[in-house]
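Take a look at the letters that make up each chain.
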Amino acid sequence: MNELVLEPGHLTLAQLRKVYFDGIQLSISDSTWAAIDLAQGVVQDKVDGGEIVYGVNTGFGRLASKHIEPDLLTELQHNLILSHATGVGRYLDDATVRLILLLKINALARGVSGIRKEVLALLLEMLNHNILPAIPEKGSVGASGDLAPLAHMSLPIIGHGKVHLEGEYLTSNEAFSKLGLAALQLTAKEGLALLNGTQVSTALALKGLFEAEQNINAAFVAGSLTVEAALGSRTPFDQRIQAVRGQQGQIAAAQIYRSLLEDSEIANSHSECDKVQDPYSLRCQPQVMGACLDQLRNAARIIELEANAVSDNPLIFVDQGDILSGGNFHAQPIAFAADNMALAVAEIGSMSERRMALLLDSHMSQLPPFLVEDAGVNSGFMIAQVSAAALVSENKSHAHPASVDSIPTSANQEDHVSMATFAARRLSDMNLNTRYVVAVELLAACQGIDLRRPLKSNDQLENYWSNVRAVAAYWDHDRYFQPDLEAIAELIQKNTFGEWANAYIES
């Protein structure tokens, strides 16, 4: 379990990745608690002075002009959470909910949201004890923030809703009772501070990024194994070709391929062949995968910024004593970043499927048809390619940008929305599809390597071949195929194929 003292507004991608995969024990410094007290004091002064301030003592959305009397402010905040908890669908997974809690804590700890320390302390206890709110995955348009899912995140704070604890769903009160915690009565501004924000969209985008990293890392290895199995040329990866174009992702991708495609017996066996050029799926890997790297890198920069953002409304600026209403809750940056990642995820799978199909075509690869002896009696990888083609085609539909859509809400007060939550959420389905496509290529490439025996690849690729063969045997005759796909997909999820792309994406 990772331990981290939060420095509000300074979470890194590396820290967020560790939290997603491994969990966290989080603590907050004394100076952070002091800043929260100061902002809450400004809110209380406004209430005590009778000043009308949006989100503090008014209604919300189209009802913002309605003044709420001081004795109704607690009821106002509780009603806000209860009425906004309208999410539907399956519950988000634990790792994503962990990120949501962390991002909300990080935003509130910046000291401009006007909450009391007790609210942040309870969120911290929930994160550290793995009390994870049951948050339905659907129901947010990504402005005014992720209202519905964040309402579900907030329900346990006021003694409502369900949580996931130690493998079972309990009422929040049952879970709190087990751990000696108690729900709170919220005061002015606190319900709105909890509900407003882009934390759900951002957490889903982080999940999409981390899964895309797994897929592109595995695809670099799969592509290199396919170059070996197809007796492909190393020349397209020469650094001089990349340098004269200047695209940084392409340069980085080619360097990864050169690292993976060190000299080998297989490479030496065809060094004097008369083949002039390989098909694009082999030859243009630096160009295509490099472009994917750049999309992921650009998205990562935007997502990291948003992970550290304060995105609720209104905001309290202690030095001037001002409470300002704006629109940081609008998640357009995340919507664009997620849409661009979708393009990359789709293309990683598309290139992988084409490389794999090349291996199955005996005219192109000079390997047995469908990578199996006695083709005819055996179908080999024939239908695995069909499944991969179906997944690639499905991803083409998913890749349509969500951010170009908008639908007015709240009686036209919130008349333009980002659709960031769906933009980010659909990345999970796309990454799942691409994971299976790359799994098929890894199986096919390793089968091709076996069919080149007794020649060997280099030590690095032979090691990855061994990882595959440890869970999926050589295909000497037809057998039940799907367990092999699941086994390789699991290896991809376990980061078995390295972190080749991560340093460039974080840079």
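Residues numbered from 1 in each chain as written. Predicted model: local features only at pLDDT ≥ 70, side-chain atom pairs only at ≥ 80, totals over all residues. Heavy atoms only, no water.

Q: I'd like to hear about the packing of helix α9 (residues 199–229) against helix α15 (residues 332–360), residue by residue, with values.
A: Following both chains from N to C, one finds α9 and α15 inclined at 20°, their axes separated by 10 Å at the closest point. Taken together, α9 and α15 sit at an angle that is classed as roughly parallel. Seen from above, α9 lies across α15 with left-handed handedness. Along the contact surface, α9 presents S201, T202, A205, G208, L209, A212, N215, I216, A219, G223, T226 and A229, while α15 presents I334, M341, V345, I348, R355 and L359. Classifying every residue of the contact of α9 with α15 gives 11 nonpolar, 6 polar and 1 charged. (Axes fitted to C-alpha atoms, helices over the stretch in contact; angles between N-to-C directions. Helix = DSSP H or I, 4+ residues; strand = E, 2+ residues; numbered from the N terminus. Parallel < 35°, antiparallel > 145°, perpendicular 65-115°, else oblique. Left-handed = near helix turned anticlockwise from the far one by under 90°. Contact = heavy atoms within 4.5 Å. Nonpolar A, V, L, I, M, F, W, Y, C, P; charged D, E, K, R; others polar.)

Q: Which residues make up unusual backbone geometry, and what values do they have?
A: Here the amide bond leading from A143 into S144 is cis, since omega sits at 5°, within 30 degrees of zero. With respect to the helices, strands and loops of the structure, S144 is situated in the loop between β5 (136–138) and α6 (147–154). The phi angle at Q366 is positive, at roughly 60°, despite the residue not being glycine. Within the secondary structure layout, Q366 lies in the loop between α16 (362–365) and α17 (382–398). With relative accessibility at 59%, the residue Q366 sits in the exposed group. The phi torsion at F370 lies on the positive side, around 60°, for a residue other than glycine. Structurally, the position occupied by F370 is in the loop between α16 and α17. (Buried < 20%, exposed > 50% of the residue type's maximum accessible area, 1.4 Å probe, protein only.)

Q: Hey, could you go over the pairing of strand β2 (residues 24–28) for me, with residue numbers and the actual values?
A: Every second residue of β2 is oriented toward a common face, the buried set being I24, L26 and I28 and the non-buried set Q25 and S27. One ladder, built from 5 bridges, connects strand β1 (residues 2–6) with β2; its direction is parallel. Each residue of the ladder has a partner; that of N2, found in β2, is I24. Each parallel crossover has a hand, and the one from β1 via helix α1 (residues 13–22) to β2 is right-handed. (Pairing = 2+ DSSP bridges. Right-handed = clockwise from strand over helix to strand, strands pointing away.)

Q: Explain the pattern of salt bridges to me, and be specific about the residues and the numbers.
A: Any two side chains of opposite charge can pair, so long as their charged atoms come close to each other. Summed over all chains, the structure comprises 20 salt bridges. In this structure, the salt-bridge partner of E213 is R17, at a minimum N-O distance of 2.9 Å. Within this pair, whereas E213 is found in helix α9, its partner R17 is found in helix α1, the two being separated by 196 residues in sequence. In this pair, the class of E213 matches that of R17, namely buried. Between E211 and R435 there is a salt bridge, and its shortest N-O distance comes to 3.8 Å. Of this pair, E211 sits in helix α9 while R435 sits in helix α18 (residues 420–451), and the two are 224 residues apart along the sequence. The network of salt bridges with common partners includes D450, R453, E462 and R469. (Salt bridge = Lys/Arg side-chain N within 4 Å of Asp/Glu carboxyl O.)

Q: Which residues make up a nonpolar patch on the surface, and what values do they have?
A: A grouping of M382, I383 and V386 is seen on the molecular surface, where their side chains present a nonpolar patch of about 240 Å² in accessible area. When you line up the elements, I383 lands in helix α17. (Patch = residues over 30% accessible without salt bridge, like charges linked within 9 Å, V, L, I, M, F, W, Y side chains within 5 Å. Areas by Shrake-Rupley, 256 points an atom, 1.4 Å probe, with all protein chains shown as cover.)

Q: Give me the nonpolar core: which residues, what numbers.
A: Counting 159 residues, the largest nonpolar core has L194, F220, L293 and L442 as the members making the most contacts within it. With 17 residues, the single largest contributor to this core is α9. Filtering out sequence-adjacent residues up to four positions away, L194 remains in contact with I81, K104, L108, V119, L123, L150, M153, S154, I157 and L186. (Core = buried A, V, L, I, M, F, W, Y, C linked by side-chain atoms within 4.5 Å.)

Q: Tell me about the packing of aromatic side chains, and please be specific about residues and values.
A: The full count for this structure, using the stated rule, is 10 aromatic pairs. An angle of 40° between the planes, with centres 5.8 Å apart, marks the rings of Y464 and F497 as tilted. Of this pair, Y464 sits in helix α19 (residues 459–469) while F497 sits in the loop between α20 (482–493) and α21 (502–506); the two residues are 33 residues apart in sequence, bridging distant segments of the chain. Just as Y464 is buried, F497 falls in that class too. A connected cluster of aromatic rings, assembled from ring pairs, spans Y20, F21 and F210. (Phe/Tyr/Trp six-rings, centres within 6.5 Å; stacked < 30°, edge-to-face > 60°.)

Q: Outline the pairing of strand β7 (residues 168–171), supporting the account with residue identities and numerical values.
A: Inspection of the sheet shows strand β6 (residues 162–165) paired to β7 by 4 bridges, in the antiparallel sense. Within the sheet, the bridge partner assigned to H164 lies in β7 and is Y169. Counted along the chain from β6 to the antiparallel partner β7, the turn is 2 residues long, and its residue E166 has a positive phi close to 55°.

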